[in-house]
Amino acid sequence: MPPDTYVTSHIHIDGPIPGPHSLLTITAAAQPLDGPVAQFTTNVRELPGATLHPVALQSWRRRAEDWLSTRRASRPPALAMTAFAQWIDQLPGRPVFVADTAEPDYLFLYWYLQRFTGRWPFATTLTDAGLHGRLSCSNLCSLAGCRTPEPSLARTS
């Protein structure tokens, strides 16, 4: 059996919780211990009826170009999550999601994957901030705001 493949994510959102607020982008990196890194990225359309949180609105107003980048070629949530789950399914070994509980990635991805695919495609989840930091894929993000961090509400960038 191939070794575990560790998957980290970097997301953009428009509020602190899924449902009332939307997942806007996903960037994920899969890193087997002895193989090449695979990448996944997509923009996701806002949920019907969801709203932009006031704090997130202020953050995105200061980064209008980044906001526009998150809206380009965005996919409906069901298509985006299906593509993400299929990407995970094709990874070698057991896919292990590595989460930092101080970040909203797990909350949003779990909710979206359950809502739109009916499943969590990972074999297990590790909540290890140190490992997450070492495997972080935020450097793969194309948004300028990710290269100049600012305080945020549940990482709007």
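Shown above is the structure to which this text applies.
Residues numbered from 1 in each chain as written. Predicted model: local features only at pLDDT ≥ 70, side-chain atom pairs only at ≥ 80, totals over all residues. Heavy atoms only, no water.

S.K.: I'd love a proper account of the packing of aromatic side chains, names of residues and values included.
M.R.: Evaluation of the coordinates by the stated rule reveals 15 aromatic pairs. Pairing Tyr 110 with Trp 120 gives two aromatic rings, centres 5.3 Å apart and planes at 50°, and the pair type is tilted. Taken together, the residues Tyr 110 in helix H4 (residues 105-117) and Trp 120 in the loop between H4 and strand E5 (124-127) connect sequence positions 10 residues apart. Overall, Tyr 110 belongs to the partly exposed group, its relative accessible area being 34%. Arranged with centres 5.3 Å apart and planes meeting at 65°, the rings of Trp 111 and Tyr 112 form a pair that is edge-to-face. The exposure class of Trp 111 is partly exposed, given its relative accessible area of 30%. Pairwise contacts between aromatic rings join Phe 97, Tyr 106, Tyr 110, Trp 120 and Phe 122 into one cluster. Over the aromatic face of Trp 60 sits the side chain of Arg 63, whose NZ or CZ is 4.6 Å from the ring centroid. Stacked on the ring of Trp 67, the Lys or Arg Arg 71 has its end atom at 5.6 Å from the ring centre. (Phe/Tyr/Trp six-rings, centres within 6.5 Å; stacked < 30°, edge-to-face > 60°. Helix = DSSP H or I, 4+ residues; strand = E, 2+ residues; numbered from the N terminus. Buried < 20%, exposed > 50% of the residue type's maximum accessible area, 1.4 Å probe, protein only. Lys NZ or Arg CZ within 6 Å of the ring centre and 35° of its normal.)

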